[in-house]
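Structure at a glance
These are the residues of each chain, in order.
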Amino acid sequence: MGRTIAIVNQKGGVGKTTSAVNLAACVGAHGYRVLLCDIDPQGNATSGLGVNKRDVQKSTYDMLIGEASAEEIRLSTGFAGLDLLPANINLAGAELEISMLDNRETRLRRAIAPLKADYDFIFLDCPPSLGLITLNALCAVDTVLVPIQCEYYALEGLSQLMGTIRQIKRRYNPLLELEGVLLTMYDGRLNLTQQVVSEVKRFFPQKVYASVIPRNVRLSEAPSYGQPVWYYDKSSRGAQAYDALAQEFLKKNGK
């Protein structure tokens, strides 16, 4: 059965989608079967894997409201071991619609359950909010991976996120755990970076990945070519960082 991981931070611009796309691609490149589920209405994980959002006929929106199955919307990406459940703009109105449906908190869990046997890992790229779609993700997964940028406001809102995770664990998903915390936009030359790192480690003892993600031009360029950075420029610092993260992630998961 596939292990499911939600990549969550309600703060935007922390490298959440970048991490979802590139970690999924690197784990796939190591020979594992991976599914990336895009549940962010912006659909950036979808376009980051070379799929035109406008051409997507059936998306995670249709899956969440019960008008299509996960099998029906699943796409092969052409990248090793990696499949996609794509998003499109329709997802923007999904929260309101889902709120009026039965089992509104567990619709995603039920939708992806039939696919779990097909994959080693299922990653969910969540929207930058703690709304009903993110709630669905937290009810559907085994663990949560939290990207945090090495900047002044890094820990802002984190206590709210951890409070939400504790609430979900208590009410809907007793097995939910923290997978790890990933430091993004890392620049070891800055004092501020070191301060943020020590603060994050104090906040999350034993849960911060040793692998860090630097600021890197290639990482920023890759999505416009519809490729994970590992395929766009394997020798770049960004690609090497995500490969190191993938290896650390796999080791922690006993692979």
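As shown above, the structure is provided for reference.
To keep things clear, this report deals only with the structure shown in the data block. Quantities reported herein were computed from a predicted structural model and do not represent experimental measurements.

About the criteria used
- Residues numbered from 1 in each chain as written.
- Predicted model: local features only at pLDDT ≥ 70, side-chain atom pairs only at ≥ 80, totals over all residues.
- Heavy atoms only, no water.
- Patch = residues over 30% accessible without salt bridge, like charges linked within 9 Å, V, L, I, M, F, W, Y side chains within 5 Å.
- Areas by Shrake-Rupley, 256 points an atom, 1.4 Å probe, with all protein chains shown as cover.
- Salt bridge = Lys/Arg side-chain N within 4 Å of Asp/Glu carboxyl O.
- Buried < 20%, exposed > 50% of the residue type's maximum accessible area, 1.4 Å probe, protein only.
- Phe/Tyr/Trp six-rings, centres within 6.5 Å; stacked < 30°, edge-to-face > 60°.
- Helix = DSSP H or I, 4+ residues; strand = E, 2+ residues; numbered from the N terminus.
- Lys NZ or Arg CZ within 6 Å of the ring centre and 35° of its normal.
- 1 Å grid on protein atoms, 1.4 Å probe; cavity = no way out; pocket = protein on both sides within 12 Å on 5 of 7 lines; lining within 4 Å.
- Points joined across faces, edges and corners; volume = space filled by probe spheres on them.
- Nonpolar A, V, L, I, M, F, W, Y, C, P; charged D, E, K, R; others polar.
- Contact = heavy atoms within 4.5 Å.
- Axes fitted to C-alpha atoms, helices over the stretch in contact; angles between N-to-C directions.
- Parallel < 35°, antiparallel > 145°, perpendicular 65-115°, else oblique.
- Left-handed = near helix turned anticlockwise from the far one by under 90°.
- Disulfide = S-S within 2.5 Å.

1. Quick notes on a nonpolar patch on the surface
- On the surface, Tyr152, Tyr153, Leu190 and Leu192 cluster together into a nonpolar patch covering about 450 Å² of accessible area.
- With a relative accessible area of 47%, tyrosine 153 lands in the partly exposed category.

2. Observations concerning the packing of aromatic side chains
- Inspection of every chain in the model, using the stated rule, returns eight aromatic pairs.
- Aromatic pair tyrosine 32 and phenylalanine 121: ring centres 6.1 Å apart, planes at 65°, arrangement edge-to-face. Of this pair, tyrosine 32 sits in the loop between helix H1 (16-29) and strand S2 (34-38) while phenylalanine 121 sits in strand S5 (residues 121-125), and the two are 89 residues apart along the sequence.
- An aromatic cluster is present here, built from Tyr32, Phe121, Phe123 and Phe249 joined pairwise through their rings.
- Over the ring of tyrosine 209 we find lysine 252; its NZ or CZ atom is 4.5 Å from the centre of that ring.

3. Side note on the layout of surface pockets
- Considering only enclosed or pocket space, the largest pocket measures out at about 490 Å³ in volume.
- Forming the walls of the largest pocket are 29 residues, and the residues nearest its centre are Gly15, Lys16, Thr17, Thr18 and Met185.
- Breaking the lining of the largest pocket down by element, the ones donating at least two residues are H1, helix H2 (44-48) and helix H10 (217-221).
- For the lining of the largest pocket, the element with the highest residue contribution is H1, accounting for five residues.
- When its residues are assigned to classes, the lining of the largest pocket shows twelve nonpolar, 13 polar and four charged.

4. Considering helix H7 (residues 132-140)
- In terms of burial, H7 is largely enclosed, as nine of its nine residues are buried.
- Listed as buried for H7 are Leu132, Ile133, Thr134, Leu135, Asn136, Ala137, Leu138, Cys139 and Ala140.

5. Re the environment of alanine 24
- Along the chain, alanine 24 turns up in helix H1.
- On a C-alpha basis, the gap between alanine 24 and tyrosine 242 in space is 9.4 Å, while along the polypeptide they are 218 residues apart.
- Not counting the four nearest positions on each side in its chain, alanine 24 is found in contact with Ser19, Val34, Leu36, Leu82 and Phe123.

6. Overview of the packing of H7 against helix H8 (residues 158-171)
- Running from N to C, H7 and H8 cross one another at 55°; their axes reach a closest spacing of 10 Å. When the interaxial angle is binned, H7 and H8 end up oblique. Viewed along their axes, H7 and H8 form a crossing whose handedness is right-handed. For the pair formed by H7 and H8, the contact residues are Leu135, Leu138 and Cys139 on the first element and Thr164, Ile165 and Ile168 on the second.
- Among the residues making up the contact of H7 with H8, the classes are represented as five nonpolar, one polar and no charged.

7. Concerning the state of the cysteines
- Following the criterion strictly, the structure yields zero disulfides and no others.
- Cysteine 126 provides the cysteine sulfur closest to cysteine 37, a residue in no disulfide bond, and the two sulfurs are 8.4 Å apart.

8. Points about the packing of H1 against helix H12 (residues 237-252)
- Following both chains from N to C, one finds H1 and H12 inclined at 70°, their axes separated by 9 Å at the closest point. Of the possible angle classes, the one that applies to H1 and H12 is roughly perpendicular. Between H1 and H12 lies a crossing whose hand is right-handed. Packed against H1, whose contacting residues are Thr18, Ser19, Asn22, Leu23, Cys26 and Val27, the element H12 presents Tyr242, Asp243, Leu245, Ala246, Phe249 and Leu250 at the interface.
- Across the contact of H1 with H12, the residue classes break down as eight nonpolar, three polar and one charged.

Interpretation in functional terms is not warranted from these geometric data alone.
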